[in-house]
Amino acid sequence: MSTERLRDELLRLLLDDRAGAAAALAPRMLADPWSLTPEVRWCLLYLLRGVRCLAAGRRLLEPGTLLHFVAHEVEESRQRTAAMDLVWYEVARELPGHWLRRYEDTDVRYSLEELHRLNLLLARLWVSERNRIRAMDPPLLPHYLRPDRRRRGRAALPR
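Everything numeric in this text was worked out from a predicted model, so none of it was measured. (Residues numbered from 1 in each chain as written. Predicted model: local features only at pLDDT ≥ 70, side-chain atom pairs only at ≥ 80, totals over all residues. Heavy atoms only, no water.)

(A) Focus on the overall build of the chain. Counting secondary structure elements, the chain contains 8 helices and 0 strands. Moving toward the C terminus, one meets the helices and strands of the chain in the order α-α-α-α-α-α-α-α. Looking at the chain as a whole, 43% of its 159 residues qualify as buried. If you take every contact in the chain between residues at least 6 apart in sequence, the share linking residues at least 24 apart comes to 64%. When the accessible surface of the chain is split by element, carbon and sulfur atoms take 54% of a total near 9,300 Å². (Helix = DSSP H or I, 4+ residues; strand = E, 2+ residues; numbered from the N terminus. Buried < 20%, exposed > 50% of the residue type's maximum accessible area, 1.4 Å probe, protein only. Contact = heavy atoms within 4.5 Å. Areas by Shrake-Rupley, 256 points an atom, 1.4 Å probe, with all protein chains shown as cover.)

Written out as structure tokens, the structure is:
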């Protein structure tokens, strides 16, 4: 695959909402990672790390580009939620048949085909999560409206 075609495919993964959920969730992860569940964050993290890996392999991470920005900012964002995410990761990787085990056991983590699969998985996870939030009684308030945010500097975790 040519470098230009790969760049186009990676940008499509990040910007085209018809390709999956990364177009909606990547900006949210970078701006407010606490508004996503650990499972959604991990799936998105693997997807964005894969984008970074493929882009770096073809020298597509020129400063000032979207690919460069995402590659650097996603790790900083991930560090804000690392403690909670590690707990989720330890539990999820022990579950038989969980997508995390399948992903970690494969040798093609950073292929374009695998990134497309992760983007579709991310969309399914996000639909499930939105349905769960809607079903809560009372519904979960958006992050910026939660009262605990002002006191602790971040959103309160759902009970």
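After presenting the structure, the write-up continues.
(B) View of the environment of A22. Locating A22 in the fold gives a position in helix α2 (residues 22-31). Owing to a relative accessible area of 0%, A22 belongs among the buried residues under this scheme.

(C) Layout of helix α1 (residues 3-15). Here α1 spans 18 Å end to end across 13 residues, near enough to the 18 Å set by a 1.5 Å rise per residue. Those residues of α1 not exposed but buried are L6, E9, L10, L13 and L14. Down the axis of α1, the buried side of the element spans an arc of 135°, and every buried residue falls inside it. In α1, the exposed positions angled more than 90 degrees off the buried face are occupied by E4, D8 and L15. Looking at the packing, one finds that the buried side of α1 touches α2, α3 (38-57), α4 (66-80) and α7 (112-135). (Expected span 1.5 Å × (residues − 1). Arc of directions from axis to C-beta.)

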